[in-house]
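Each chain is listed here by its residues.
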Amino acid sequence: MECKNCHANLQSLFDYCPTCGAKVIHKRLTLKNVSQDLGHLVFNLDNTLFKTFRHLISLPEVVITSYISGVRKKYMNPTGYFAIAATLGGLLIFILRNIYHVNLTHSSITDQDNPYMVTVFDYRTLLAYLILPFYALFTWLLFLGRKKMNYTEHLVANAYIIGQVSFVQVIVSLILFGLLKLQYDVFNWVYLLITIVYQFYVLGKIHQTRFGGTFFRGLAYLVLLSILMIAIGSLIIYMLLWTGQVSMEMLSPK
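Structure report, in brief. (Residues numbered from 1 in each chain as written. Predicted model: local features only at pLDDT ≥ 70, side-chain atom pairs only at ≥ 80, totals over all residues. Heavy atoms only, no water.)

Looking now at the overall build of the chain. Along the chain, the regular secondary structure elements total nine helices and two strands. Listed N to C, the secondary structure of the chain is α-α-α-β-β-α-α-α-α-α-α in terms of helices and strands. By residue count, 36% of the 254 residues in the chain fall in the buried class. Counting contacts in the chain only where the partners sit at least 6 residues apart, residues at least 24 apart contribute 61% of the total. (Helix = DSSP H or I, 4+ residues; strand = E, 2+ residues; numbered from the N terminus. Buried < 20%, exposed > 50% of the residue type's maximum accessible area, 1.4 Å probe, protein only. Contact = heavy atoms within 4.5 Å.)

All right, on to the packing of helix α3 (residues 78–98) against helix α6 (residues 151–179) then. Packed helices, taken two at a time, are described by the angle between their axes plus the distance between the axes. Interaxial distance between α3 and α6 falls to 8 Å at its minimum, and their mutual angle equals 25 degrees. The pairing of α3 with α6 is recorded here as roughly parallel in orientation. In this structure, α3 meets α6 at a crossing whose hand is left-handed. Counted by class, the contact of α3 with α6 contains 17 nonpolar, six polar and no charged residues. (Axes fitted to C-alpha atoms, helices over the stretch in contact; angles between N-to-C directions. Parallel < 35°, antiparallel > 145°, perpendicular 65-115°, else oblique. Left-handed = near helix turned anticlockwise from the far one by under 90°. Nonpolar A, V, L, I, M, F, W, Y, C, P; charged D, E, K, R; others polar.)

The next point concerns the packing of helix α2 (residues 60–69) against helix α7 (residues 184–207). Packing of α2 against α7 brings their axes to within 9 Å, and their N-to-C directions diverge by 60 degrees. The pairing of α2 with α7 is recorded here as oblique in orientation. Judged by the twist between their axes, the crossing of α2 over α7 is right-handed. Contact residues: α2 offers P60, E61, I64 and T65, while α7 offers Y198, Y201, V202, K205 and I206. The class makeup of the residues in the contact of α2 with α7 is six nonpolar, one polar and two charged.

The next subject is the pattern of salt bridges. Applying the stated rule across the entire model yields two salt bridges. A salt bridge links E61 to K205; the shortest N-O distance between them is 3.5 Å. You can see E61 sitting in helix α2 and its partner K205 sitting in helix α7, a full 144 residues away along the chain. The class of E61 is buried, set by a relative accessible area of 15%. Residue classification places K205 among the partly exposed positions, given a relative accessible area of 37%. (Salt bridge = Lys/Arg side-chain N within 4 Å of Asp/Glu carboxyl O.)

Attention now goes to unusual backbone geometry. One non-glycine residue, H101, lies in positive phi territory at about 55 degrees. By the element assignment, H101 lies in the loop between α3 and β1 (106–107). The backbone phi angle of Q208 is positive, close to 55 degrees, even though this residue is not glycine.

Core analysis: the largest hydrophobic core is formed by 53 residues, its most contacted members being Y81, Y160, Y184 and Y221. Within the residue set of this core, elements represented by two or more residues are α1 (31–58), α2, α3, α4 (117–122), α5 (124–142), α6, α7 and α8 (211–243). Contact partners of Y221, with chain neighbours within four places excluded, come to Y135, F138, T139, L142, I196, Q199 and F200. Grouped together as the second largest cluster of nonpolar side chains are five residues, C3, A8, C17 and V24 included. (Core = buried A, V, L, I, M, F, W, Y, C linked by side-chain atoms within 4.5 Å.)

We now examine the environment of T19. Relative to the assigned elements, T19 resides in the segment before α1. Overall, the relative accessible area of 59% leaves T19 in the exposed class. In sequence terms T19 and C6 are 13 residues apart; their C-alpha atoms lie 7.7 Å from each other.

That's the geometry; what it means functionally is another story.
Here you go:
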């Protein structure tokens, strides 16, 4: 017999193909074995997903360094973990807007709505993917002197870290905004600072830097991140003005 996936020769007693690793199907397709396969997929996902989530709280540096060093089965891969978190983040925005009726565009500083923020929230998931490489670039540059991780490894680390804080943000937001009347922008800025603290706590442990070195790298990262946010905001406003979706009168303070 041969593997139906890669066409390698198989012995009849094989359960998995030694060439491509695919499961060898010996039985005809029935509802029973389809449900068994689905159950295995779900429970296997649960095992890796929740183990990754738990350990990114208790042993975040172990999760990241394990994946970088070649451990691939114990934890969910960073791409999948980040993708699920980004998708849930988009779902959170929908819930806050349409179920909790939270005004996401209101600014506590100007006490006005920011029309361009509608676009930010509409494309939040896409922006998450586009901004992640910049997070990795900044942390790679800030820890460049340690020579412990290359850019790609920083990309892996940030995918895990940002994915983790996104998961926690979804849980915390659903609880807090369900119980309390909060300003979304204030919550968002506070959570951003918490994110950076967690991010550099993890990176500091991986690179074995002292508190002072980690702290000042975190401050420098905050400056770089602020510049990036201003650049992205300016680009979005320019595009909205260029396409006629907003006008200068809408952006002017009243």
